[in-house]
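The lines below spell out each chain.
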Amino acid sequence: MKILQPNWVHHDEKAIFSIDIHPGGEKFATGGQGNDSGRVVIWNMAPVISEDAEKDKKVPRMLCQMDNHLACVNCVRWSGSGTMLASCADDKLIMIWKKSAGGGSSFGSAKTAEHWRCIATLRGHSGDVLDLAWSPQDQYIASSSVDNTVIIWDAKEFPSIVQVMKGHTGLVKGVTWDPVGKFVASQSDDKTLKIWKTSNFSLFKTVTEPFEECGGTTHILRLSWSPDGQYLVSAHAMNGGGPTAQIIERDGWKCDKDFVGHRKAVTCVRFHNAILQRMAPKTNKSQQYCCLAVGSRDKSLSVWLTALQRPLVVIHDLFQDSILDLSWSHNGYILLACSGDGHVACLQFSAEELGTPLSEDDRNSLYQRMYGKNITLDLNGQTGKDSLIENAELLDVSQSKLTAPTLIPQPQQSQAATTLVSSIPKPPPSSGFQSSTSQESQRPILKQIETKTADGKRRITPMFIPLNDEAEVPTAGSSQFSSSSANKSSIVTVEKRPEPTTTVPGTNGIDIDIANLTAQTAKLDSRLKKVSRPEPPARATLPSEPANPSTLPSPEKQPVSIQPVLSGKASPLHGTSVKPMGDYRIQVTNGAVKTGYGPLGKVVANLLSLPRADKKLWETVVGSPVSSFSVSRKYVLLCTMDGSIRFLDILNGSPVLPIISLTSPVVHSTFSSDSRLGAVLTENCTLRVWDLNEQCIFLKGSCQDIMGTSYASLLHVSDQGVPFIILSNGSSFSYSKKLESWLITNSTDPIMRHGLMTTKLGSTARNLKAFPLATVQSFCNFQPVNARSFLDNPNVNWQYEAMLAFVENQIKIAETINSPLEMKHWYLMLGFQLAQHGTETKIRQVLDSLMGSPFPSASDAPKESILGIPKHTLLEEILSQLKMEPKWQRIYMEYTDQLKRFQSQQESSGDDVDMRPLAEGQIEKLQPLNLDLVNDET
């Protein structure tokens, strides 16, 4: 081991609070105090570890210096990809830095070797920001602050806030991510360590025992998670009056082990990024372990291996002040440490001392054994899942469920719900939608148009990119991509096809020339071939009144172009697609059979009779490529590119209905959970739902009214025949057959956004069968950029009225879509809101509507219940909330007494009970009760 202390790494004799090595290992960043501001410096690693490079004047030492923070920088962290650097400071800001090719817009001086510019500034904390941590796969970044909160930021869409996690009652001084992606942990001065679930960023576990004797004596509390995910090590714990670094085991979150030896409080811990291995000295067998560095206020540093009971090395008085941060190199044996005295130390280890890192394959095998998942999987879509298996004994049981395509995973959902969710199809890869379980909005992939000139040269039509981030690109999608990010996959060559000239009669006597549609919208060079966009175009908006009517050409000379509204783009399935359903597995392969008449698609049904053997039940072929297919417990639904629909029996493959033809290919298809209904949605927004038991049409309609410029990203139909459509812009709708209208279940409406954000704190488990409304709304929750200020707005008067309007609308939606459990829940929520912020007039209106008439007539009898739930049951739910507020106790006693008299009158039908309401003069206006007299009321 070598210890190096490069004296040229400094912040002008000011404190260095943080240090982090780039994932590539060729550079590192420091953050701390500058002369009159916060300072972030990027240094070259070569002069630190090589004496020859240090002496070579051609090798730069400082690569870039950024003095943009207004106060001391507390933490710097590289993203896992190494393309971005995050810094946080006492100015309450988080800055995201990215390397710039030129120095025109960079913040480095002309003498620096690299130029880095700030691409995003994150504002959300109300106090100093002390620590940062990137999530696996760089999807999120977590920040902790002295404002007692941890904020999760969307690293894909800065500066969007995903969640503000509240729960700490003291300064939050450290945050770290579980490498598996299931948890995020934070440590605070309130003597607690909290573990949060990444599925919904709710509190999962609070650890207090090791910190009960601790005091707030450290500037930071940097905790760390082991690379295998089995151990979480905290800073600044106490054991028997002595400072320790507490080990918290993932298995049961036990706290019976710790690292001891430091004389003062532990300030920071940092695990080596790799899982290490070496031959055990006694048994000569390979052993796997993790490596950890511990820094303390006693100016000493210790390095531990989980395979040893004693530290590998202890270095005393390494600095003149506390050690504030540590960082391991990702691909070597280098450990960097920084101190409050403004110096940096470099420790170089050898493979004989630390061991050798596990290969990627061995590490994946380890994760597979421990968690049932591969670490190389994209965790972007895994953060919302609770299906992570942490007990190895359960892996065999859960293997059959791991292959099911699920959009709404649940840890405790019923078998019926699992079957239902498995039947929901994912959008095909070429349909322009990105599949993600994150509740962030799904956006279509924009594709540029490639054309060819007469001389064979390629030309790409440029795409307008507005300067305003919130401006919409005038294309079919809502996403924005800069030209620098375009690649070959985003360029589509479109062949020229002759189009017949069609004239459609329009409004006000104006004819619409469909043939001129492309020429008017594309405006390409005259030498180029005419092309059409492969993506479904957005609906054109016609001006209602021209600016100068005198200059408007005649209708014969000025045709108006209207682009058709499309729900998406259908495309053939690529390769072999498999969907399981219980013991059945349906496999579809387009173009599997070559004939003289053209290729045929093959559909095979297998029965999983044995754990490792398949039994083929039946096999059939289709003459057109399959664009979408769904599976239920009874039927298979095949949709092909020629617009054909086939319903097959899952037992023998025989047709249930004759082949149905629609005017355009199907984009989405699905079954209800009871297999009674099958639904499809086509490109031209045609919606069809068939009753397979009765073999008849159940619902037919169109969704053109709700599409706008978006696409359908998900289709679901409930057992009651209610279809749900989720759009790519985050909006969602359900159709009422009785009202013959689409109902809004989620949109950008501020009242709905506020209601969903507020009630999400106590959200129920996702279950499409039992809670269709809540599940659909959770798919597309609109999270505002300033989520924290949205929740903490001091002007709260508007929130009461908005929340009441939202809850009452939820009740009506649940009643219309026939969801009794959700309706009962929202009635309970209505009682909660009325108890807190309601008025006597509003409370009496709601209670009277549920109390009903004491002498119901024959015509009133069916109205005594809603969706099978008696109104009096809903009344009792609201009364249970009102009785918690003393000011409503008289109303509670009054209506409780009426309810009892009502029930007794129904039980004794022969008794005449006077249930007529009292006259106005017989009841005084109710006033809030005096709490001293509550017990004296009779």
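Now for a quick tour of the structure. Treat the numbers as computed from the prediction; the structure is a model and nothing was measured. (Residues numbered from 1 in each chain as written. Predicted model: local features only at pLDDT ≥ 70, side-chain atom pairs only at ≥ 80, totals over all residues. Heavy atoms only, no water.)

**Brief notes about the nonpolar core**
- Core analysis: the largest hydrophobic core is formed by 41 residues, its most contacted members being Val807, Met823, Tyr827, Leu830, Leu847, Ile878 and Leu882.
- A per-element tally of this core places helix α13 (residues 820-837) first, with seven residues.
- Counting residues in hydrophobic clusters, the runner-up holds 23 residues, among them Ala293, Leu301, Val313 and Ile315. (Core = buried A, V, L, I, M, F, W, Y, C linked by side-chain atoms within 4.5 Å. Buried < 20%, exposed > 50% of the residue type's maximum accessible area, 1.4 Å probe, protein only. Helix = DSSP H or I, 4+ residues; strand = E, 2+ residues; numbered from the N terminus.)

**Quick look at the packing of α13 against helix α15 (residues 871-882)**
- Contact pair α13 / α15: the axes reach a minimum separation of 8 Å and the direction vectors enclose 35°. Like other packed secondary-structure pairs, α13 and α15 cross with a definite hand, here right-handed. Taken together, the residues of α15 that come into contact with α13 (itself represented by Met823, Lys824, Tyr827, Leu828, Leu830, Gly831, Phe832, Leu834 and Ala835) are Thr873, Leu874, Glu877, Ile878, Ser880, Gln881 and Leu882.
- Broken down by class, the residue content of the contact of α13 with α15 amounts to ten nonpolar, four polar and two charged. (Axes fitted to C-alpha atoms, helices over the stretch in contact; angles between N-to-C directions. Left-handed = near helix turned anticlockwise from the far one by under 90°. Contact = heavy atoms within 4.5 Å. Nonpolar A, V, L, I, M, F, W, Y, C, P; charged D, E, K, R; others polar.)

**What about the sheet that holds strand β47 (residues 677-682)?**
- Read across the open sheet, the four strands follow the order β46-β47-β48-β49; overall the sheet is antiparallel. In the strand order of this sheet, the two ends are held by β46 (666-671) and β49 (696-702), each with one partner. Here the strands of the sheet are splayed against their neighbours by 15° on average, with no regard to which way each runs.
- In this structure, β46 lies alongside β47, joined through five bridges in antiparallel fashion. Note on β47: the bridge partner recorded for His668 is Leu681. (Pairing = 2+ DSSP bridges.)

**Notes on the packing of aromatic side chains**
- Applying the stated criterion across every chain, the model contains 17 aromatic pairs.
- With a centroid separation of 5.0 Å and 40° between ring planes, the pair formed by Phe183 and Phe204 is classed as tilted. One end of the pair, Phe183, is in strand β15 (residues 183-188); the other, Phe204, is in strand β17 (residues 203-207), with 21 residues separating them in the sequence.
- Judged by its relative accessible area of 1%, Phe183 is buried.
- Ring centres 6.4 Å apart and planes at 80° place the aromatic pair Trp225 and Trp253 in the edge-to-face group. Within this pair, whereas Trp225 is found in strand β18 (residues 224-225), its partner Trp253 is found in the loop between β21 (242-249) and β22 (257-260), the two being separated by 28 residues in sequence.
- Judged by its relative accessible area of 12%, Trp253 falls in the buried class.
- Positioned above the aromatic ring of Phe629 is the side chain of Lys579, whose terminal nitrogen or guanidinium carbon lies 4.7 Å from the ring centre.
- Over the ring of Phe698 we find Lys737, and its NZ or CZ is 4.0 Å from the ring centre. (Phe/Tyr/Trp six-rings, centres within 6.5 Å; stacked < 30°, edge-to-face > 60°. Lys NZ or Arg CZ within 6 Å of the ring centre and 35° of its normal.)

**Structural notes on the pairing of β15**
- In terms of burial, β15 is largely enclosed, as six of its six residues are buried.
- On β15, burial covers both faces: Phe183, Ala185 and Gln187 on one face and Val184, Ser186 and Ser188 on the other are all buried.
- Across five bridges, strand β14 (residues 172-177) lies against β15 in antiparallel orientation. Each residue of the ladder has a partner; that of Trp177, found in β15, is Val184.
- Between the antiparallel neighbours β14 and β15 lie five residues, among them Gly181 with a positive phi of about 95°.
- Here β15 pairs with strand β16 (residues 193-197) via five bridges, running antiparallel. From the neighbouring strand, Val184 faces β16, where its bridge partner is Trp196.
- Linking two consecutive strands that pair antiparallel, namely β15 and β16, is a turn of four residues; a positive phi of about 65° is found at Lys191 within it.

**As for the side chain of Ser226**
- Secondary-structure assignment places Ser226 in the loop between β18 and β19 (231-233).
- Given the relative accessible area of 0%, Ser226 is considered buried.
- Among the polar contacts listed, one links the side chain of Ser226 to the backbone nitrogen of Gln230, at a separation of 3.3 Å.
- In this view, Ser226 contacts Pro179, Tyr231, Phe271 and Cys290; residues no more than four positions away in its chain are not counted. (Polar contact = N/O pair within 3.5 Å; in protein donor to acceptor, adjacent residues only side chain to side chain.)

**Digging into the pairing of strand β26 (residues 291-296)**
- Most of β26 is tucked away, with six of its six residues classed as buried.
- Burial of β26 is two-sided: the residues Cys291, Ala293 and Gly295 facing one way and the residues Leu292, Val294 and Ser296 facing the other way are all buried.
- Pairing of strand β23 (residues 266-271) with β26, which is carried by five bridges, proceeds in the antiparallel orientation. Bridged to Val269 within β26 is Val294.
- The pairing of β26 with strand β27 (residues 301-305) spans five bridges and is antiparallel. Residue Cys291 lies in a different strand from β27, and its bridge partner there is Leu305.

**With respect to helix α9 (residues 750-759)**
- Taken as a whole, α9 has its buried residues at Met752, His754, Gly755, Leu756, Met757 and Thr759.
- The N-capping residue of α9, defined by a side-chain oxygen 2.9 Å from the backbone nitrogen of Ile751, is Asp749.

**Examining the packing of helix α14 (residues 840-851) against α15**
- For the pair α14 and α15, the least separation of the axes is 8 Å and the interaxial angle reads 150°. Regarding the angle of α14 to α15, the classification is roughly antiparallel. The residues of α15 that touch α14, namely those facing Ile843, Val846, Leu847, Ser849, Leu850 and Met851, are Lys871, His872, Leu874, Leu875, Ile878, Leu879 and Leu882.
- Split into classes, the residues belonging to the contact of α14 with α15 amount to ten nonpolar, two polar and one charged. (Parallel < 35°, antiparallel > 145°, perpendicular 65-115°, else oblique.)

**A closer look at the pattern of salt bridges**
- Per the stated rule, a full pass over the model turns up 23 salt bridges.
- Of the charged contacts in the structure, one is a salt bridge between Glu114 and Lys99, with a shortest N-O distance of 3.6 Å. You can see Glu114 sitting in the loop between β8 (93-100) and β9 (115-123) and its partner Lys99 sitting in strand β8, a full 15 residues away along the chain.
- A residue is classified by how much of its surface remains accessible, and Glu114, at 11% relative accessible area, is buried.
- For Arg844, the salt bridge identified is with Glu840, shortest N-O distance 3.3 Å. A residue pair is termed a helical-turn pair when its members lie 3 or 4 positions apart in one helix, as Arg844 and Glu840 do in helix α14 at four residues. (Salt bridge = Lys/Arg side-chain N within 4 Å of Asp/Glu carboxyl O.)

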